Amino acid sequence: MREDSSVLAVFLLLCASAALGIYVRSHLPERHRTRETIELMQITIGLLVTFAALVLGLLTASVKQRYDGAAQDRQQYALNLTMLDQCLRDYGPDTAAARANIRSYTAAVIASTWPAEAPPTGIQYPDPRAMPRVGASPALAGLMNQVGLEITRLTPADPPHAKLLDMCLDRYKDVTRARLGVIEDARTQLFEPFYGVLAFWLMIIFACFGLVAPRSVLSFIVIGLCAISLSSVTFVILDLSRPYQGYFAIPSTTMRAALHAMEADIPQTSPR
């Protein structure tokens, strides 16, 4: 995974920076290792650590906020699909084709977005292997467009059905807006140059650690633990920047619940 390789690279770079600092210190003349010089370096390290901690905190909060927004948008999207299906169900049997397409669409979204999970069964839907995991899919867009066309072709038989048709059209508009929001959320990624600059700052800090740290086993252990801690933070940042992949991936629970609600009035032909 990209997160694993990036975290390992950050850990190795931080350790290498600290080792470089230790090596340089051992070759410095005595006049460069006075108490005043060490105190100046400690002040500099404190300043750099403060800046790095501030940037790490802001970056983590920003990525977490975007992740929470993507999870909320996915939940709202599943709710909008459920409400659209319920509105069509209330309209009557004339919406059977549109409802079938909505079920196919929802099942295809589940199968393409979460390929590592068990795909939905008992429903026909396009082959998810030809669909991108991130971004818009022409096949899914075609299914959703077909749903809209089938809704607009409905001819209300009386005023109550006319009101239901207007409501279903509004529900369809909500679904299309929510779909675009989910697509944009999936494209959200970390700003790579900024992440590289942050890694460079951390390398400077660890090089300074090596310059002032005494040559003892305990110092090496502490520096190694700090490198592990910061590497784990970068792992969280990278993983949260891709909301549908990785350890913290948004689950398919809400979409599966929506599909289950759509199938509530359909006889099951196979166990689920």
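See the structure shown above.
Within any chain, residue numbers begin from 1 and follow the written order of that chain's sequence. It should be noted that, the model being predicted, local features are given only for residues of pLDDT at least 70 and side-chain atom pairs only at 80 or more, the latter also being counted only at that level, while totals for whole chains, interfaces and linings use all residues. Neither water nor hydrogens contribute to the side-chain values; these are computed over all heavy atoms in the structure.

**Digging into the side chain of Ser-231**
Topologically, Ser-231 is positioned in helix α7 (residues 217–240). Pairing of N or O atoms within 3.5 Å defines a polar contact, subject to two protein rules: one partner must be a possible hydrogen donor and the other a possible acceptor, and residues neighboring in sequence count only if both atoms are side-chain atoms. Side-chain polar atoms of Ser-231 contact the backbone nitrogen of Phe-11, separated by 3.4 Å. In what follows, a contact means two residues having at least one pair of non-hydrogen atoms within 4.5 Å. When near neighbours in sequence (up to four residues on either side) are disregarded, Ser-231 contacts Val-7, Val-10 and Phe-11. Per the convention used, a helix needs a DSSP run of H or I reaching at least four residues, while a strand needs a run of E reaching at least two, with both numbered from the N terminus.

**Structural notes on a nonpolar patch on the surface**
A patch is a set of surface residues, each over 30% in relative accessible area and not in a salt bridge, joined within 9 Å for like charges and within 5 Å for the nonpolar side chains Val, Leu, Ile, Met, Phe, Trp and Tyr. Calculation of accessible area relied on Shrake-Rupley with a 1.4 Å probe; when residues are assessed, cover is drawn exclusively from the protein chains displayed. The salt bridge criterion pairs a side-chain nitrogen of Lys or Arg with a carboxyl oxygen of Asp or Glu, the two atoms within 4 Å. A cluster of nonpolar side chains, Leu-47, Phe-51, Val-197, Phe-200, Trp-201 and Ile-204, forms an exposed patch at the surface whose accessible area comes to about 560 Å². Put simply, the parts of the chain that give the nonpolar patch at least two residues each are α2 (35–91) and α6 (192–212). If you tally residues by element for the nonpolar patch, the top one is α6, at four residues.

**Re the packing of helix α3 (residues 96–113) against helix α4 (residues 138–152)**
Here an angle of 0 to 180 degrees is reported between the N-to-C directions of two axes, which are lines fitted to C-alpha atoms, with helices fitted over the stretch in contact. One can describe the packing of α3 onto α4 by two numbers: an axis separation of 9 Å at closest approach and a directional angle of 160°. The angle between the axes of α3 and α4 places the two elements in the roughly antiparallel class. Classified by chirality, the crossing of α4 by α3 is left-handed. Residues Ala-97, Ala-98, Asn-101, Ile-102, Ser-104, Tyr-105, Ala-108, Val-109 and Ser-112 of α3 pack against Leu-140, Leu-143, Met-144, Gln-146, Val-147 and Glu-150 of α4. For this classification, under 35 degrees means roughly parallel, over 145 means roughly antiparallel, 65 to 115 means roughly perpendicular, and everything else is oblique. By definition, turning the near helix anticlockwise from the far helix through less than a right angle yields a left-handed crossing, and turning it clockwise yields a right-handed one.

**So, the nonpolar core**
To define a nonpolar core, start from buried Ala, Val, Leu, Ile, Met, Phe, Trp, Tyr and Cys residues and group those joined through side-chain atoms within 4.5 Å. Burial status follows relative accessibility: with a 1.4 Å probe on protein chains alone, a residue under 20% of its type maximum counts as buried, one over 50% as exposed, and anything between as partly exposed. The biggest cluster of nonpolar side chains holds 45 residues, and the ones touching the most others in it are Tyr-77, Leu-81, Leu-84, Tyr-105, Met-144, Ile-151 and Met-255. Contributing elements (two or more residues each) for this core: α2, α3, α4, α5 (159–186), α7 and α8 (253–262). Residues in contact with Tyr-77, not counting those within four places in the same chain, are Tyr-105, Met-144, Val-175, Ala-178, Arg-179, Val-182 and Met-255. Leu-14, Tyr-195, Ile-205 and Ala-213 belong to the second-largest nonpolar core, a separate cluster that totals twelve residues.

**Concerning the state of the cysteines**
When the sulfur atoms of two cysteines come within 2.5 Å, that pair is taken as a disulfide. One pass over the structure, following the stated rule, counts one disulfide. For Cys-87, the disulfide goes to Cys-168, at an S-S distance of 2.3 Å. In this structure the cystine formed by Cys-87 and Cys-168 twists about its S-S bond by roughly -105°; its chirality is therefore left-handed. Linking Cys-87 in helix α2 with Cys-168 in helix α5, this pair joins segments that are 81 residues apart in sequence. A relative accessible area of 0% places Cys-168 in the buried class. Distance from the sulfur of Cys-226, which forms no disulfide, to the nearest cysteine sulfur (Cys-15) is 10 Å.

**Brief notes about the packing of α4 against α5**
Remark: α4 packs on α5, axes separated minimally by 10 Å, with the N-to-C direction vectors making an angle of 165°. The angle between the axes of α4 and α5 places the two elements in the roughly antiparallel class. Considering how the two elements wind past one another, α4 and α5 form a crossing that is left-handed. Mapping the contact onto sequence places Leu-140, Ala-141, Met-144, Asn-145, Val-147, Gly-148, Ile-151 and Thr-152 in α4 and Leu-165, Cys-168, Leu-169, Tyr-172, Val-175, Thr-176 and Arg-179 in α5.

**Focus: the pattern of salt bridges**
Under the definition given, this model contains six salt bridges. Between Arg-89 and Asp-85 there is a salt bridge whose closest N-O contact spans 3.5 Å. Here the residue Arg-89 and the residue Asp-85 both occupy positions in helix α2, the gap between them amounting to four residues, near one helical turn. Each of the salt bridges in this network shares a partner with another, and the network as a whole consists of Asp-85, Arg-89 and Arg-99.

None of the figures reported here should be taken as evidence of function without further support.
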